[in-house]
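Summary of the model geometry
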Amino acid sequence: MEFVLISSNIANTHAKTIEQALASAPRMASVDGPLRLYNFGGLMLAASGTQKTPKEGEEEENNIILWDGHGVTRTQAFSSGTDASLDETSANNYINSCLKGEKTDTRGVFTAVRVNVNSKAFTATIDPLSQYPLFIYQFGHSLIIGNSIYLVEAAARGIGLPVTRSTRSGAFEAAFGVGAGLETGIKEIKLLPNGRAVTGIGVNSRLVPVSGMNAYAHTPYEELLELAADRLSEYMSLLKFTTARSDLIFDLTGGLDSRITLAAAINAGIKDLKIFSGGSDQSADKQIAYQIGDRYNARAVNFPENHAGAQHTSQTMARRAIYRSQGSSNLYAYSLGTQRLGGTFRVRGGAGEITRSFIDPPGKSLFWHKPLSGLGKFSRGEPVFSTCIGAHWRGVSDERLRHAALWAHAYCNSPASHHQLYRARFLREGTSSVIDGLMTRARTTHSMGMDFYMRDRARRHFGFMSRGLNMAYGAFEPLMDPVIMAAANALPSEERAAGKLTFDLIEKLAGKSLLKIPFGPSSLSAVMQTALARRLDVKEKTLKFKPGKLTELKKARIFSAKAPNIQYTEKPPADLGKWAQSLWHNRYYFETLAGSIPRDNDYWQYLDRNVFLKTLKSNSYFMNNETTAMRGIRLMHTLIWMAGEEDATSIKTVI
């Protein structure tokens, strides 16, 4: 479902031009049918999908209910990529719970919208953890809101409002690994703030707080752990029931997140486990996944592809990736075909970092006790950090600000070779912006790192991806649960970083036997490794992965379209990883794009043009490893967006 809602006293005046602009706007999923336009005078709605036709003279509950995304209620699983629909009563109840500040059992990554035909009352809200991306354009006392940045952009143009493409958000992603707050790829359009819904009547609208992220605050850890485990098992039971005649597959790696979801499936009594693990037979992820599969009698299956067999270039895939992620350079590169697999349900770990710290809590060092004398050592002598953090620090003894500066340093302190690509002013302003974001978005100093992660990184890296995947098939992320986030926040940061909640959940759901199977070398920090060995009362060396021959599993074939038929003109170097290979295939396109961006473009406010172009020519940086390659891909996506070269190919058919 795609929608855009306009609340403005000038909407009716521009109804014709708005309709024309929307008719020519790119569509993400044309398979859902044409946009239907409703004009209630001062309130306009355009939406695809199934809506009932308004009838004159009906009673108060004459509502149009819209939803998109995935999740579960107490009684059903739902996904816009399958025929498992969110029923109107459940959507209505969720909206009411949000507005009343009540707890809800409905969870996932989704939006729910209600428009009353008679009263013109409307509400647009998102999931309890505010992960689903809704785009909002506010002007005066009016607003435009929708789940497609292209439809919001078109509506704004129809009214005659300015829309300006921007690279600031993408530059933030590449430089710091986090986004630019609520900014998007269009300067005037923002993301709906976390913990907010839009409600109003006709031309009058306002943003109101909702309590999803704080619903379980101040609840003891043990109580939250018990509830989180129960809800995960319940989630799997609902999926088991919903997919009785469909394919239910589990992504499984050597990591932590996918093991929690598999533990929940085991607890729910799912017997015919089907797992998918990508990569080579020699990779730790695949070898460990197959060990687990062998232990629990799982079958290995193919990946659910959604391509129709057409040939593509790697350039086309890059251009389509930034289109499907709507201008957010978040490495979305999966299921970029044109078909929807209506009977496929895929379970992912998703934003499993919700169970622990995205990065280790920063040490206080000299910066904490002697801020001015310790500042140089803390910032490793880099003027960018000394200037930025020092500006926030001097004369301030606020503990909250100290925590914010520490976390900002942990997020932003990349190697000097990376910083050379960017202008010093942007790095200072960016680090300052991260500090401000930590200060304004965190509920407490204790929850600061987790709050910032959920309100920025998780939403940009996983929320956008979840939206895209659920246009292609059912993609479920059971860990997106406010109870799990509350449980993580109920722990001291040291215990959270040591993986206590992750290990507690796996043990409670499937016992210690699942914990005894090694994790991938990159999945456990040294602190986690020590904590797990202590929990299992074994020596750490017994938990380390030992590569060997891939365990044989029985195979099963799930329904799938074709894999992408990508044409390559050259074979990449053998030592390149997945992201580096993708960038290598697009290296000439990347260089051409960068050279085509005018010198006065805002892109060069953030990057040093001469250093950047020189780096592209030499391949001396972006091909070094997977981390630098991911930064390069984000910058390439941003350039594609700025040049307006997205491949606007829609999901067109259901198979």
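Remember, predicted model here, so these are calculated numbers, not experimental data.

Criteria and thresholds
Residues numbered from 1 in each chain as written. Predicted model: local features only at pLDDT ≥ 70, side-chain atom pairs only at ≥ 80, totals over all residues. Heavy atoms only, no water. Core = buried A, V, L, I, M, F, W, Y, C linked by side-chain atoms within 4.5 Å. Buried < 20%, exposed > 50% of the residue type's maximum accessible area, 1.4 Å probe, protein only. Helix = DSSP H or I, 4+ residues; strand = E, 2+ residues; numbered from the N terminus. Contact = heavy atoms within 4.5 Å. Arc of directions from axis to C-beta. Pairing = 2+ DSSP bridges. Axes fitted to C-alpha atoms, helices over the stretch in contact; angles between N-to-C directions.

**Focus: the nonpolar core**
When a protein is soluble and globular, its nonpolar side chains tend to lie buried together. Ranked by internal contacts, the top residues of the largest apolar core, which has 198 residues, are Ile 144, Tyr 411 and Phe 612. Counting residues per element, this core draws most heavily on helix H5 (residues 221–242), which supplies 10 residues. If near-sequence neighbours (up to four positions away) are discounted, Ile 144 is found in contact with Val 4, Leu 5, Ile 6, Phe 135, Ile 136, Tyr 137, Phe 139, Val 152, Ala 155, Ala 156, Ile 159 and Leu 161. Counting residues in each nonpolar core, the second largest holds 13 residues, with Ile 65, Trp 67, Ala 91 and Ala 112 among its members.

**Examining helix H22 (residues 587–596)**
One turn of the α-helix equals 3.6 residues, which is why residues spaced by three or four share an orientation. Those residues of H22 that sit buried are Arg 587, Tyr 589, Phe 590, Leu 593 and Ala 594. The arc that holds the buried residues of H22, viewed along the axis, is 160°, so those residues lie on one side. Residues of H22 that are exposed and angled more than 90 degrees away from the buried face: Tyr 588 and Thr 592. Where H22 is buried, its residues touch helix H8 (314–324), helix H21 (578–585), helix H23 (603–606), helix H24 (609–618) and helix H25 (626–643).

**A word on the side chain of Arg 460**
Tracing the sequence through the fold places Arg 460 in helix H15 (residues 448–472). Sequence-distant contacts of Arg 460, defined by excluding residues within four places in its chain, comprise Ser 169, Glu 173, Gly 179, Ala 180, Gly 181, Leu 182, Glu 183, Leu 191, Ser 328 and Asn 330.

**Things to note about the pairing of strand E4 (residues 63–72)**
Here E4 lies mainly inside the structure; 10 of its 10 residues are buried. What you see with E4 is no split at all: Asn 63, Ile 65, Trp 67, Gly 69 and Gly 71 on one side and Ile 64, Leu 66, Asp 68, His 70 and Val 72 on the other are buried throughout. In the sheet, E4 pairs with strand E6 (residues 107–116) via 10 bridges, with the strands oriented antiparallel. In the sheet register, Ile 64 faces E6, and the bridge partner there is Val 115. Counted along the chain from E4 to the antiparallel partner strand E5 (residues 77–79), the turn is four residues long.

**What about the sheet that holds E6?**
Judged by pairing direction, the sheet is antiparallel, and its six strands sit side by side in the order E5-E4-E6-E7-E11-E12 without closing on themselves. Bordering the open sheet on either side are E5 and strand E12 (204–209), each of which pairs with just one other strand. Geometrically, the sheet is characterised by an average inter-axis angle of 25° between neighbouring strands, direction not taken into account. Pairing geometry for strand E11 (residues 196–201) and E12, over six bridges, is antiparallel. Residue pairing across strands places Gly 200 opposite Ser 205, the latter belonging to E12. On top of the sheet, H5 reaches E4, E5 and E6; it is set at about 110° to E4, its chief contact. Contacts from H15 reach E4, E5, E6 and strand E7 (121–126), with the element oriented near 110° to E4.

All quantities given are derived from atomic positions and should not be read as evidence of function.
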